[in-house]
Amino acid sequence: MLRVAETQVLFRVEKELLEALDRILSAEGFKTRNEWFRAQIRKALDDAKRKRAAGLLKRLTADGIEEDDIVDMVREWRSKKGRR
Amino acid sequence: MAFEEGPSLTIIVDTNVIVAALIQAGIVRELVLDHPGAFLTPEACIGEVWENREDWNRKKVPEASVKEALDFLTEEFVTVVPRSVYRGKEEEAATLIRDPGDVPVVALALAVDNEGIWTFNTKDFSGPLLTSRCWILTTSGVKSLLMDL
């Protein structure tokens, strides 16, 4: 497995906040603060991507279309292509 | 739940699933957006979706916006697989499915490890030869698989 380059990040946080984090770490399935922090970054990035996609797709959203309508639509494209 | 390095499932998606993710609000779009990288589609399906954009673009959204949405969907959520990966399986796939338009999806399913083909057109994907080689998944089947992760 490829190992990606890593950068060390140093940041300040209130002592009480860090203690509260430490109390929930293992219950949340993380072995270390580092694991937790990485997971939160990934989640934040995924959330941002999902939000952007939802905005782009909202503009395209048409009402009243069911899965069967889409199957028929694709069948019609292929039928037209076959006739060309 | 411990943190995940990435999706552990691979599901092949048909043209109709891509169209649904683009124009239909609901479960299909949610499943795709909630599981980036879990889905693969052959480049032929994306070509078909783009070629027919005037038909599915019911809202008559400007072409630049259509392109932006399709590009973002395929860059971040659904991996587009080049034909070079599945070309070698096309001949075999053509013996398993009647519609030539479905051959790339079946060929891709034969070419890579996966949990199944997600399609709305389960009737055309129901032949015994095909189902002995590939799992065919409905939307509810995909939902169950992804919920079990």
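Scope of this entry: the structure provided in the associated data block. Every value quoted in this text rests on a predicted model; they were computed, and no experiment measured them.

Across its full length, chain A carries 3 helices and 0 strands. Taking 12 Å as the expected radius of gyration for a compact globule of 84 residues, we find that chain A reaches 24 Å, considerably beyond that expectation. C-alpha atoms of chain A, sized along the principal axes, occupy 70 × 35 × 25 Å. The 84 residues of chain A split such that 21% are buried.

Sheets are built from strands paired through backbone hydrogen bonds, the pairs being either parallel or antiparallel. All names here are of chain B. With parallel pairing, the 5 strands of this open sheet are ordered in space as 3-2-1-4-5. Two strands in the sheet have a free side with no partner beyond their single neighbour: strand 3 (78-81) and strand 5 (136-137). Each of strand 2 (39-42), strand 3 and strand 4 (116-118) is contacted by helix 2 (residues 27-34), which is oriented at about 130 degrees to strand 4, the strand it contacts most. Where helix 8 (residues 103-111) meets the sheet, its contacts fall on strand 1 (11-13), strand 2, strand 3 and strand 4, and the angle it forms with strand 2 comes to roughly 130 degrees.

In this structure the tally under the stated criterion is 20 salt bridges over all chains. A salt bridge links A:Arg38 to A:Glu6; the shortest N-O distance between them is 3.0 Å. With A:Arg38 in helix 2 (residues 33-58) and A:Glu6 in the segment before helix 1 (15-25), the pair connects residues that are 32 residues apart, well separated along the chain. Measuring nitrogen to oxygen at the nearest pair gives 3.1 Å for the salt bridge that ties A:Arg52 to B:Glu68. Placement of A:Arg52 in helix 2 and of B:Glu68 in helix 5 (residues 63-76) is noted, with the two residues assigned to different chains. Judged by relative accessible area, which is 40%, A:Arg52 ranks as partly exposed. When salt bridges that share partners are traced, they join A:Lys43, A:Asp47, A:Arg50 and B:Asp34 into one network.

Every contact between the two is made by 45 residues of chain B and, on the other side, 30 residues of chain A. Taken together, the two surfaces of chain B and chain A that pack against each other cover about 3400 Å², and 59% of this comes from carbon and sulfur. At the surface where chain B touches chain A, the tally comes to 8 salt bridges. At the surface where chain B touches chain A, the tally comes to 14 residue pairs in polar contact (both at pLDDT 80 or more). When residues of the side of chain B that touches chain A are traced back to their parent elements, those giving at least two are helix 1 (15-23), helix 2, helix 3 (43-51), helix 4 (53-56) and helix 5 of chain B. When the residues that make up the side of chain B that touches chain A are grouped by side-chain class, the tally is 21 nonpolar, 9 polar and 15 charged.

Residues and elements named next belong to chain B. Side chains Phe39 and Thr41 project from strand 2 onto one buried face, and the interleaved Leu40 and Pro42 project onto a second face that is buried too. The pairing of strand 1 with strand 2 spans 2 bridges and is classified as parallel. Residue pairing for strand 2: Ile12 is matched across the bridge by Leu40.

Under the definition given, this model contains 3 aromatic pairs over all chains. Judged by centre distance (5.2 Å) and plane angle (25 degrees), the rings of A:Phe11 and A:Phe37 are stacked. Of the two residues, A:Phe11 is situated in the segment before helix 1 and A:Phe37 in helix 2; the sequence distance between them amounts to 26 residues. A:Phe37 sits in the partly exposed class, given a relative accessible area of 29%. Summarising the aromatic geometry, the rings of B:Phe72 and B:Phe77 are spaced 6.1 Å apart at their centres and angled 70 degrees between planes, so their arrangement reads as edge-to-face. A residue is classified by how much of its surface remains accessible, and B:Phe72, at 7% relative accessible area, is buried. Here A:Arg52 stacks its cationic end above the ring of B:Phe72, 4.3 Å away from the centre of that ring.

Criteria and thresholds
- Residues numbered from 1 in each chain as written.
- Chains lettered and ligands numbered in written order.
- Predicted model: local features only at pLDDT ≥ 70, side-chain atom pairs only at ≥ 80, totals over all residues.
- Heavy atoms only, no water.
- Helix = DSSP H or I, 4+ residues; strand = E, 2+ residues; numbered from the N terminus.
- Rg over C-alpha atoms; globule rule 2.2 N^0.38 Å.
- Buried < 20%, exposed > 50% of the residue type's maximum accessible area, 1.4 Å probe, protein only.
- Pairing = 2+ DSSP bridges.
- Contact = heavy atoms within 4.5 Å.
- Axes fitted to C-alpha atoms, helices over the stretch in contact; angles between N-to-C directions.
- Salt bridge = Lys/Arg side-chain N within 4 Å of Asp/Glu carboxyl O.
- Buried area = accessible area lost by both parts, 1.4 Å probe.
- Polar contact = N/O pair within 3.5 Å; in protein donor to acceptor, adjacent residues only side chain to side chain.
- Nonpolar A, V, L, I, M, F, W, Y, C, P; charged D, E, K, R; others polar.
- Phe/Tyr/Trp six-rings, centres within 6.5 Å; stacked < 30°, edge-to-face > 60°.
- Lys NZ or Arg CZ within 6 Å of the ring centre and 35° of its normal.

Keep in mind these values describe shape, not function.
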